[in-house]
Amino acid sequence: MTKLKWGMIGGGEGSQIGPAHRLGAQADGNFVLTAGALDHDAEKGRKYAESLGVSPDRAYGDWHEMLAAEATREDRVDLVTVATPNSTHFEITKAFLEAGFNVLCEKPMTMTVEQGEEIVQVAEKAGKICAVNYCYSAYPMVREMRHMVAQGDIGKVRLIVTNFSHGHHGDATDADNPRVRWRYDPEMAGVSGQFADCGIHAMHMSSFIAGDEVRELSADFASAIDSRVLEDDAMVNFRMEGGTVGRLWTSSVAIGRQHGFDIQVFGETGGFRWASEQPNQVYYTPVGGRTQIMEKGEGGLSDEATRLSRVAIAHPEGFPLAVANIYVDLASAIRGGSSANLPKAVDGVRSMAAVYAAVDSARERGKWVDARPPMFR
């Protein structure tokens, strides 16, 4: 099968997320890095792209140059990944969609709900894929939970308890570190800090597994380090369209926790537990029965979990391969297959609406607020 041509904006040398995308996109032989504008420093970005094997004529100084050149090529890239600072996502994603490119955007997709709704509309008008990198939803055993919920194995979902909490920003003496400080600065991060950074992964995962959407929420925000304008800890209660109750905690000052993303799903006839630090396993308990450990790679799993498992049972598959699974689904969709499990622009705008709802609720001391974007009310 012919490899798809892939272009990347941002994610250059020293980037935290860039290597995960490059490993993920090319892990299964579906994509080849063909073009890139990898750094805000034009010359540095060109040199780094060339070092990765991009031909000099497709190693661009910035995204404007890349868009103008790729749009006129017969062999244009099939997919563009946007891995730039948050505030630039909307402008770049919109421009490439309007020019007829498929796009994978890092989260948050946009900085406002209005921008998110516009991206949904632009993607629909262009007839192109706009995916958002909620990559935790692509772990094989997360897909297994989603499959089991959909076929009724735990009955109606009653309750979801999830958290994404770490302690890597818990040192007050490090609060002025530029790599940390921007996350709590409204000028750079927007209206929310920790909830917009990590909490929306947990909220998206809740919707993804349950097959339902958040209707309303109540939030309490705290800045445990006084110098921070935006929250570094948040507790969010939410209720879904189908009646499921959710409890979500997210924190960056939970010293002792490392990655700290886990989720528990409780239904009428059973429950699940999954943690990102042990992503190969799901603990499943049927009502009245013993707890079972379901393992990635074992027999009897759904086709959806099996097709996204690459190595034998008991061999771990980590974060870069979860990103790779997003690219597996993207490649399938670009080639005309299903995009049912891809997190898309509608998920991105729902997340941003939840962020603004949580901010409003926290300001009103936990008042319940409609968490849906206007276009879905």
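What you see is a predicted model, and the numbers here were worked out from it, not measured in a lab.

(A) A look at helix 6 (residues 140-150). Across the eleven residues that make up helix 6, a large majority, eight, are buried. Within helix 6 the residues assigned to the buried category are Pro140, Met141, Val142, Arg143, Glu144, Met145, Met148 and Val149. Once helix 6 finishes, Gly152 follows within two positions and takes phi at roughly 85°, a positive value.

(B) Main features of the sheet that holds strand 14 (residues 369-370). The nine strands are arranged 13-12-11-10-6-9-8-7-14 in an open sheet whose pairing can be described as mixed. The strands lining the two open edges of the sheet, one partner per strand, are strand 13 (292-295) and strand 14. Pairing of strand 12 (residues 281-286) with strand 13, which is carried by four bridges, proceeds in the antiparallel orientation. Residue pairing for strand 13: Val282 is matched across the bridge by Met294. Where helix 12 (residues 345-363) meets the sheet, it contacts strand 7 (214-222) and strand 14, and its direction lies at approximately 55° from that of strand 7.

(C) Seen up close, the pattern of salt bridges. Counting across every chain of the model gives 24 salt bridges. Here Arg73 makes a salt bridge to Asp57, at a shortest N to O gap of 3.3 Å. Of the two residues, Arg73 sits in the loop between helix 3 (63-70) and strand 3 (79-83) while Asp57 sits in the loop between helix 2 (42-51) and helix 3, which places them 16 residues apart along the sequence. Owing to a relative accessible area of 24%, Arg73 belongs among the partly exposed residues under this scheme. Its relative accessible area of 47% is what places Asp57 among the partly exposed residues. Asp232 serves as the salt-bridge partner of Arg228, at 2.9 Å between the closest nitrogen and oxygen. Here Asp232 falls in the buried class, since its relative accessible area comes to 0%. One connected set of salt bridges, linked through shared partners, spans Asp57, Arg58, Glu70, Arg73 and Asp75.

Thresholds, definitions, all that
Residues numbered from 1 in each chain as written. Predicted model: local features only at pLDDT ≥ 70, side-chain atom pairs only at ≥ 80, totals over all residues. Heavy atoms only, no water. Buried < 20%, exposed > 50% of the residue type's maximum accessible area, 1.4 Å probe, protein only. Helix = DSSP H or I, 4+ residues; strand = E, 2+ residues; numbered from the N terminus. Pairing = 2+ DSSP bridges. Contact = heavy atoms within 4.5 Å. Axes fitted to C-alpha atoms, helices over the stretch in contact; angles between N-to-C directions. Salt bridge = Lys/Arg side-chain N within 4 Å of Asp/Glu carboxyl O.

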